[in-house]
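# Residue-level structure breakdown
Listed here are the chains, written in short residue letters.
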Amino acid sequence: MAVFIVQDEIQDDLSQLLLEISKRLQPFGSEPPVYGANAALDSDGIIFRMQKYCWCEAMDCPWCGGELITQNGYSNHEILRLEPIFEASGRIDGEGAPNFWFDDGEASIKIWWYKYIGRGFLSDRLMTAPDIAHLRKAVLAALADRDTEVLRNAVRSELSYTDLGDSSSLLPVLQDAFLALIQSAPKADQENKISEVSVAIQELQRQSNMAHQAQLAGEALDKAGIARSANPEDPEDLQFELTLTTRLEHLVDGNERLGSDTPS
Ligand SMILES: [Zn+2]
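Residues numbered from 1 in each chain as written. Predicted model: local features only at pLDDT ≥ 70, side-chain atom pairs only at ≥ 80, totals over all residues.

### Some words on the overall build of the protein
Secondary structure assignment for the protein yields seven helices and six strands. The order of α-helices and β-strands along the protein, N terminus first, is β-α-β-β-α-β-β-β-α-α-α-α-α. For the protein, the proportion of its 264 residues judged to be buried stands at 23%. Across the protein, every contact between residues at least 6 apart in sequence was considered, and the portion connecting residues at least 24 apart equals 54%. (Helix = DSSP H or I, 4+ residues; strand = E, 2+ residues; numbered from the N terminus. Buried ≥ 20, exposed ≤ 12 C-beta atoms within 10 Å, placed from the backbone. Contact = placed C-beta atoms within 7 Å.)

Set out below in structure tokens:
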């Protein structure tokens, strides 16, 4: 299959469309949209994917390794294993998997770029200005349909650096809570809610780091043979009551919060 250099006269329109999509896919705005976003929003027979430029160089990465499969480095066994993965990624010979792939049966296009949107633009067909207009309409409609999914993915990736240790099962609970908080706001206020959630997630990360430090300190005390209080109400017990995860569990279970005045 041939690829085409995106013509000068439509490069700006195409860049603008992809930047808009990238921005919509990252409502928290923690990454500049110019690199694109990682999203797989296929559903109802619509293919809708975006992938940042990848240079992981893993041989089973369809974006990086996709090109190697045609070279000599792979055994037949590896080729048999990788071919279906590469095929499903939309890869084409010589280019690897596309950075953007949309196909709803009517509008259909694969785009490749080098590092950032607009640079080294290639497409799997020659596009005209009316094609871009048609693509824009189809993609934005598909994006609107997937609002909840986009938000859910965004919350998930914002939370992904929050280490809840043993209580990592709470992550989906927190995701749902943050998502519900954003969605409960009227559309016009959603951006503010997203900022609020963003601040809350940063605070969660800060606390989870502190909890981790407390855990390490506890382990150091153990190692040094220094006895710690086993009484969970005693704040010296770094291992338990002070950890963020324990406090979160108490909150989720509806139990008393640490530091509240519980009569003993
Ligand atoms: Zn890669």
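### What to know about the packing of helix H5 (residues 171–184) against helix H6 (residues 190–223)
Where H5 meets H6, the closest approach of the two axes is 8 Å, and the angle between their N-to-C directions is 155°. Classified by the angle between their axes, H5 and H6 sit roughly antiparallel to one another. When the axes of H5 and H6 are compared, the crossing they make is right-handed. Each of Phe 178, Leu 181 and Ile 182 in H5 lies in contact with H6, whose residues at this interface are Gln 190, Lys 193, Ile 194 and Val 197. The residue makeup of the contact of H5 with H6, split by class, is five nonpolar, one polar and one charged. (Axes fitted to C-alpha atoms, helices over the stretch in contact; angles between N-to-C directions. Parallel < 35°, antiparallel > 145°, perpendicular 65-115°, else oblique. Left-handed = near helix turned anticlockwise from the far one by under 90°. Nonpolar A, V, L, I, M, F, W, Y, C, P; charged D, E, K, R; others polar.)

### Things to note about the environment of Phe 178
Within the secondary structure, Phe 178 sits in helix H5. In the structure, Phe 178 is positioned 22 residues away from Ala 200 in sequence and 9.0 Å away in space, judged by C-alpha atoms. Dropping the residues within four chain positions of it, Phe 178 is found in contact with Val 155 and Val 197.

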